[in-house]
Each structure stands twice: as C-alpha cells, then as structure tokens.
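# Survey of secondary and tertiary structure
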Amino acid sequence: MMRLPKSAVGRTAVNFQRVQVNGLRSPKFTTLRPQSVRYSSSNTPPPPSPQASSSLLAVAIGSIVSACLGYGFASSRSSQSVDELTLLSTIPANSDSGLNEHYGSPADFKRAIEELKSTFPEEDIVTTDEDELHVHGNSVNDYHPGSLPSVVVFPRSTEDVVKIVKISRKYRMPIIPYSGATSLEGHYRAPASGSICVDMSGMDKILEIHEADSDLVCQPGARWADINATLKEKGKLIRLSGWIPLFFPLDPAPGATIGGMVSTGCSGTNAVRYGTAKAEWFLNVTVVLPNGEVIKTRRRSRKSSAGFDTTKLFIGAEGTLGIITEVTIRLTPLLPTNVALCHFPDVKKATEAVADIMNQGVGIQCVELVDDDFMKSTNLYGMSQRKWPEKDSLFFKFQGPSETSLKETARTVKKISEKHGGFGFTLAGSEKEANDLWADRKNALYSGLALVEGCKGWSTDVCVPVSRLPDLVYETKKDITQSGLVSTIVGHVGDGNFHALLLFTNDDELAHIREIVHRMVKRAIAMDGTCTGEHGVGIGKREYLYEELGEGTVELMKTVKRAIDPLNLFNPGKLYPSRPEHEPKPIASTPSS
C-alpha cells in the first residue's frame, strides 16, 4: 500500500518572495491590483473599470491565498521567471476568462509526449492510439462537442501523477483528469491546443477500511458501487462479530468514481437523508497541485476546527485546482429499508405531500418524483413487474432500525399521501419486491428512451427551493409540450432537484433541446435556484455562473484558480466562465455609504 513520506503529507510551504513590479520592490502579497486590471507588456494599468470595487474582496482573499497556499514560485524548476508566475497568479490575464490561455507550441507538446514515454517505458502506460484518444475525448452521455487529447497516460500511483504534472508544467501542456467518464457536462473535453489526459481509472484500490471509525481510504478510481459491494460482503462477517454493516451513501451514476464524485460535488437519490458531496462525506483528499507538490488536506479525525476546510476547496473544483490521488470517505450504518409507490393528481399535490411527510420526522431515505410520461415509459419498457397508472407519482424508500419502524413510517406516509389526494399506495411485501419496485425508478434512462423509437436522450438537471419545484416542473413541461418534443421528468423532490430526459432523433430537434435547456436553467435561477443540482458545471453550464453566483463570487473563484494554477494547465476551459457581454448583477447588495 502506497503512503506518502511524512514530509509530503499536509505540508504547506510559505514563501514571501520579493518581486520587481513597476519598478517597486515589495512583498509578493502587495502586488495585487483590482480584478479589472489587465496585464500588458508595458505593465501600465489602464483606468479602473466600474467593476473594480466589487472585486476587492476577491483580490484581497486572493493575495492571502497566493501567499499562504505556499505555491513556492521561487523554488520552481520550470523555465518561467518568478515575476511571470507571480503576475499570472495575481493579475487577470488578457483573455475573456481572465485566465492564462497561452500554452506550449506543437513542438513543445511533441517533446512532452516523448518525455512521457521515456519516463514510463512500461507497456500500456502512455498511448497515442487513435481509438484511445477518441474514447477519452468524446462521451456517449452528453452532446457537447468532442475534442481529443494528444496523449493518454494511465498512472499507478501518486508519484506517477507528480511526474506527469512536472512534464506538463515543463512544456506548458494542459492536463485533463479522467476516470469514470459518467460526466454529463463535458468535464473531460480536451482544449483545442492539445493536452495530456490523465486516466485515473487504474488507481481503483480500497487501501484501508476502519470499521471502528466508520471510514475508508481509497484511490480516486474506485467506484462507489464497488465500494458498497465490498462493504456488503464484509458486512456479512461484521454482523457475526456484533458490528452493524456500513455503506457509503452518495449514489450518482453506477459507474461514477470517488475522484469524479469529489470533483463534481455529486449527490444522488439518498441526498434527502444524507446530503451531498459537500457535506462531511469526504474527510480528506491527497492532491497533486499544479506545481507538482503533494498535499493532504487534513487528518482522519471525524471533525476538525484547525483552519478553514481545504478539503472542500477541491470538492466541485472539477479537476481545475489539483489531481486527487487518494480520498478518505466517511461511512454510515446500513439500515433495513423498504420501498413504496403512490400516485397523485398532479405534481403540486405530490410536492405538498412530501413537505408534510418530511416534517413528521419519519425515516425517509429517498423520495423521488416522476411524471406521467415517466410512468408511461416504464410500462412501455416492459421490465417492470407491474402495469402502472400513468400519473405523476412518488417513489419512497423508507429506512429504520427495525421492521416495526419501517411499518410505522409506511403507515404515516400512506395517511399523509391520501390526505393530499394520493391513491394506489403500494408497499413492497418482500425484499425482492422492494428491489423490483426500486428498479423501476433506477431504470429511468432506459425506460425513457422507450418512448420514441430510435431516439437519443439529453439529460440535464436544475435545483430550486422545494416550494418552487411544482412551478418549475409545470413551466418546463409546458415548454416541452409546446415544442412538440417528448421527455420524462424525475426529481429528487425532497431537495428540489429535478432531471429532464429530452428525446430527439435529428439535429433540428437537438437544436430545440438546447434552447429548452437554456430556458429551464434561466427559469430555475429566477426562482432562486441553481443551474446544476448535482451534475457539475463543466463546459455545459459555465455561461450561467455570473447570473447565478454574482460577479464577486465568480471572480473570487478565478482568484483562487490563478493563485494555485497560474499557468491554467489543469482542466482549462471548464467551470470558470468568460465575462458576459452584459455586466452581471451582484447577488448581494452593497451597503450605501
């Protein structure tokens, strides 16, 4: 089992280098200027724009980040000067995004590939095979434009990743992390300049299981479903010794890996009970930074108030700040469950029932809203053990320590559902029946495709406050119906998150779908929601961040990015949007003087 040297774990170097800027010798952390400043060859700043004052917080925090994250520019072995790296880390680049977009030449990239091959001479570590490049630059899960990397590397350890990163930095060649390939928003598309794709899928081992502490240490390529299968087998032995079996509750797509789940800030059907990736399920991560330094964000204790939470800096960062090579995940007891289904007159009644049920404090692990088209598709798909009424419905998964508690929860849910117009309440009578019922929900993608012969499906999600979900679903279904297209809707109704599967058979319909998705996102943001509840931003949702988060927050994100990755080598083109043509409105109001 690989372990980092003690000197590399949790180490943060602090480097207050003095640099020469505009003829003034000053500490590095004082060379920042407002975000509106663009660095030019003359180093002469233009007059500040009206947005400068709104970005002072981002700049101030950025100066702290630059100094205290210990990027260690002076000790860098790369050919770039300290001055250049310092300026790139603190001053917006002259590009639409404000991030560096100048990379090595084709000749540089050719030399980088040659060095990768000499560094990893073993077979199947470095490849430029056309089929592999195609797989790593395209996706069957989304319809964003494909873009191929220049080379794919399959590291086996943290040390391998460090070597790859240093070669990337030496030749200014972008680097793209890749693992489960279940992304829906183009997270691993290569930039047009060319890139190194780092496929982490081979680093898929469970390194340690600590039953007494309810946690587990694994590599980033480990799949959550495989982890739970291992824990289930181990749980059979644990029961004999008196321990309660454990599981990891975050449940996105079955092929999703832990590294990708951290990077996209995922969740799943269990979120109503256990929350999302941004809760405390990831205790720490080991990360290779863009300068090749390895850090571990914290120790394994269940909680810590030692400084701000650097683990969360990498949750939802989409591989733009570092490459994750090891993760400690928190586990929770695997309790008995049962499944039920209930139909409703409409989405509004179903949502009202859920709010009432959740306020009772009963054991709900999942509650899923599906529309009438979903139930129709389930019947057409033919894999269900029943023929269902084609009505808006709720799937429930109950959780409790005993059969008695499960029955009590079922009685409460049935009573409240009927109060809100629910009918046809169906409770599984056995474990097999529960699995069959839940399979109808989990088969959402494949059953949805049964609605239109020969179709493809675009899957997207948004999230709003729970009380606004009926309005969002109603307006979106109305929009889809008026377009003449077919779709199904599935929602994690307990937290206001819903997914639309939009079906198409040709490019014209695909173009209409892009417009529908755009309107759906705008609608969600107008309802004080988000453009993405659990799929992440990637390239598909970048354009909405200024509107959703406000200028100050987006510029703060870019400030952190510049401090950690001044050359913008890690997954460029994702997450951080270009400035909108029209000036964004701030989310928070500024107190009047």
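Under an unreviewed UniProt entry, the name given to the protein is D-lactate dehydrogenase (cytochrome), and the organism recorded is Steccherinum ochraceum. Heading Sequence similarities (unreviewed entry) of the UniProt record for the protein holds this comment: "Belongs to the FAD-binding oxidoreductase/transferase type 4 family." What the UniProt record of the protein gives under Subcellular location (unreviewed entry) is the line "Mitochondrion".

### As for the nonpolar core
Side chains that are nonpolar tend, in soluble globular proteins, to be buried together. Grouped together as the largest cluster of nonpolar side chains are 84 residues, with contacts concentrated most on Phe 248, Ile 258, Phe 282 and Phe 396. Sorting elements by how many residues they give to this core places helix α16 (residues 507–526) first, with 8 residues. Mapping this core onto the domain boundaries places at least three of its residues in each of domain 2 (209–333) and domain 3 (337–536). Leu 116, Val 165, Ile 196 and Val 198 belong to the second largest nonpolar core, which has 30 residues in total.

### Regarding helix α3 (residues 106–119)
The terminal C-alpha atoms of α3 lie 20 Å apart, and with 14 residues this matches the ideal 20 Å at 1.5 Å per residue to within 8%. In this structure, the buried side of α3 is in contact with β3 (126–127), β4 (151–153), α5 (158–170) and β6 (196–199).

### Digging into the sheet that holds strand β19 (residues 486–492)
Strand order in the open sheet made by the 7 strands is β17-β14-β16-β15-β19-β20-β18, with antiparallel pairing throughout. Of all the strands in the sheet, just β17 (423–427) and β18 (456–463) have a single pairing partner and so form its edges. Averaged over all neighbouring strand pairs, the angle between strand axes comes to 15 degrees, with direction disregarded. Direction of pairing for strand β15 (residues 364–370) relative to β19: antiparallel, over a ladder of 2 bridges. Within the sheet, the bridge partner assigned to Val 370 lies in β19 and is Val 490. The strands touched by helix α10 (residues 347–358) within the sheet are β15 and β16 (393–399), with β15 carrying the most contacts at an inclination of about 170 degrees. Along the sheet, helix α12 (residues 403–419) makes contact with β14 (337–343), β15, β16 and β17, crossing β16 at roughly 155 degrees.

### Section: the packing of α3 against α5
The interhelical angle for the contact between α3 and α5, taken along N-to-C directions, is 160 degrees, at an axis separation of 10 Å. With respect to their mutual orientation, α3 and α5 come out roughly antiparallel. The interaxial crossing formed by α3 with α5 has right-handed handedness. For the pair α3 and α5, the contacting residues are Ala 112, Glu 115, Leu 116 and Thr 119 in the first and Lys 163, Ile 164, Ile 167 and Lys 170 in the second. Class assignment of the residues belonging to the contact of α3 with α5 gives a composition of 4 nonpolar, 1 polar and 3 charged.

### Focus on the environment of Phe 396
The topology assignment puts Phe 396 in strand β16. Taking C-alpha positions, Phe 396 is 7.3 Å from Ile 364, a pair spaced 32 residues apart along the chain. Setting aside residues up to four positions removed in sequence, Phe 396 forms contacts with Asn 338, Val 339, Ala 340, Cys 342, Ile 357, Ile 364, Cys 366, Val 367, Val 413, Ser 417 and Trp 438.

### Observations regarding the pattern of salt bridges
This model, assessed by the stated rule, comprises 28 salt bridges. Across the pair Lys 541 and Glu 185 runs a salt bridge, and its minimum N-O distance is 3.7 Å. Placement of Lys 541 in the loop between α16 and α17 (545–549) and of Glu 185 in the loop between β5 (175–178) and β6 is noted, with a sequence separation of 356 residues between them. When its relative accessible area of 1% is taken as the criterion, Lys 541 is described as buried. Glu 185 gets classed as buried once you look at its relative accessible area, which sits at 3%. Residue Glu 352 pairs with Lys 348 through a salt bridge whose shortest N-O separation is 2.5 Å. Here Glu 352 pairs with Lys 348, and both are found in helix α10, just 4 residues apart, close to one helical turn. Using a relative accessible area of 30% as the deciding quantity, one classes Glu 352 as partly exposed. Members of the salt-bridge network, linked through shared partners, are Asp 371, Asp 372, Asp 373 and Lys 477.

What counts, and at which threshold
Residues numbered from 1 in each chain as written. Predicted model: local features only at pLDDT ≥ 70, side-chain atom pairs only at ≥ 80, totals over all residues. Heavy atoms only, no water. UniProt positions renumbered as here; feature names shortened; annotations may be inferred. Core = buried A, V, L, I, M, F, W, Y, C linked by side-chain atoms within 4.5 Å. Buried < 20%, exposed > 50% of the residue type's maximum accessible area, 1.4 Å probe, protein only. Helix = DSSP H or I, 4+ residues; strand = E, 2+ residues; numbered from the N terminus. Domains from an automatic or database assignment. Expected span 1.5 Å × (residues − 1). Contact = heavy atoms within 4.5 Å. Pairing = 2+ DSSP bridges. Axes fitted to C-alpha atoms, helices over the stretch in contact; angles between N-to-C directions. Parallel < 35°, antiparallel > 145°, perpendicular 65-115°, else oblique. Left-handed = near helix turned anticlockwise from the far one by under 90°. Nonpolar A, V, L, I, M, F, W, Y, C, P; charged D, E, K, R; others polar. Salt bridge = Lys/Arg side-chain N within 4 Å of Asp/Glu carboxyl O.

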